Amino acid sequence: MSKVAAPTVAFTEPLTSPPRVHYPGTLAELLEVAGTRKRIVEAWGVSARTYDTRKRSPGTCTVGELQQLARVLQVSEEELFAVVRAEAAAANTRQVEAKG
C-alpha cells in the first residue's frame, strides 16, 4: 500500500533575501519558522504556556486560533487546517496503537 504524502503549508519568510520558502508538515514546524513566540502569543491572546501546549498537541488548538494564525502568517486556512488534522490524526493513531 502506498503512503499518502502528509499535507504541508508553504510559508515564506519575507524579510530574508532572497525570501526563504518552508514546507512544514506539522504545526510545531510551522511555529518554528513563523517568527517569534511572542508574536503568536499576542495574536492568539493566550499565555506562553498555552502556546507551548498548542505546539506539542495541535489538536488542542481552537478553530479561531488556527484562523488567526493563518491570517498572521498569510497562509491558506485550508492548508493549515489540513496539516493540523493530519498531525492530530497521527497522534490519535499512535495512542490507540500504544493501548492495543
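To be clear, the structure that these remarks concern was listed above.
If you're wondering where the values come from, they're calculated on a predicted model, not measured in any experiment.

Novice: Explain unusual backbone geometry to me, please; I cannot follow it from the model alone.
Specialist: Both trends apply: most residues other than glycine have a negative phi, and most peptide bonds are in trans. A positive phi angle, near 55 degrees, is found at Q74, a position not held by glycine. Relative to the assigned elements, Q74 resides in the loop between helix 4 (63-73) and helix 5 (77-99).

Novice: Just to check I follow, could you spell out the side chain of E65 for this structure?
Specialist: By the secondary structure assignment, E65 is in helix 4. Once residues lying within four places of it in the same chain are set aside, the contact partners of E65 are W44, V46, R54 and T60.

Novice: Can you walk me through the packing of helix 4 against helix 5 in this structure?
Specialist: Two measures define how a pair of helices packs: the angle their axes make with one another and the distance between the axes. It is the contact of helix 4 with helix 5, at a shortest axis distance of 9 Å, that shows an interaxial angle of 130 degrees. Classified by the angle between their axes, helix 4 and helix 5 sit oblique to one another. Crossing hand, helix 4 versus helix 5: right-handed. Facing V63, L66, Q67, L69, A70 and R71 of helix 4, the residues of helix 5 in contact are E77, L80, F81 and V84.

Novice: Teacher, can you tell me more about helix 5 here?
Specialist: The α-helix winds at 3.6 residues per turn, so residues separated by three or four positions along the chain end up facing the same way. With 23 residues, helix 5 extends 33 Å from end C-alpha to end C-alpha; this agrees with the ideal 33 Å at 1.5 Å per step. Taken residue by residue, helix 5 has L80, F81, V83, V84 and E87 as its buried positions. Packing partners of the buried residues in helix 5 comprise helix 1 (27-34) and helix 4.

Novice: Teacher, can you tell me more about the pattern of salt bridges here?
Specialist: Opposite charge on two side chains permits them to pair, given that their charged atoms come into close proximity. Evaluation of the coordinates by the stated rule reveals four salt bridges. Residue K55 pairs with E32 through a salt bridge whose shortest N-O separation is 2.1 Å. One end of the pair, K55, is in helix 3 (residues 48-56); the other, E32, is in helix 1, with 23 residues separating them in the sequence. When its relative accessible area of 53% is taken as the criterion, E32 is described as exposed. Here D52 makes a salt bridge to R37, at a shortest N to O gap of 2.7 Å. One end of the pair, D52, is in helix 3; the other, R37, is in helix 2 (residues 37-44), and 15 residues separate them in sequence. Overall, the relative accessible area of 27% leaves D52 in the partly exposed class.

Rules and cut-offs
Residues numbered from 1 in each chain as written. Predicted model: local features only at pLDDT ≥ 70, side-chain atom pairs only at ≥ 80, totals over all residues. Heavy atoms only, no water. Helix = DSSP H or I, 4+ residues; strand = E, 2+ residues; numbered from the N terminus. Contact = heavy atoms within 4.5 Å. Axes fitted to C-alpha atoms, helices over the stretch in contact; angles between N-to-C directions. Parallel < 35°, antiparallel > 145°, perpendicular 65-115°, else oblique. Left-handed = near helix turned anticlockwise from the far one by under 90°. Expected span 1.5 Å × (residues − 1). Buried < 20%, exposed > 50% of the residue type's maximum accessible area, 1.4 Å probe, protein only. Salt bridge = Lys/Arg side-chain N within 4 Å of Asp/Glu carboxyl O.

Distances and angles like these do not, on their own, reveal function.
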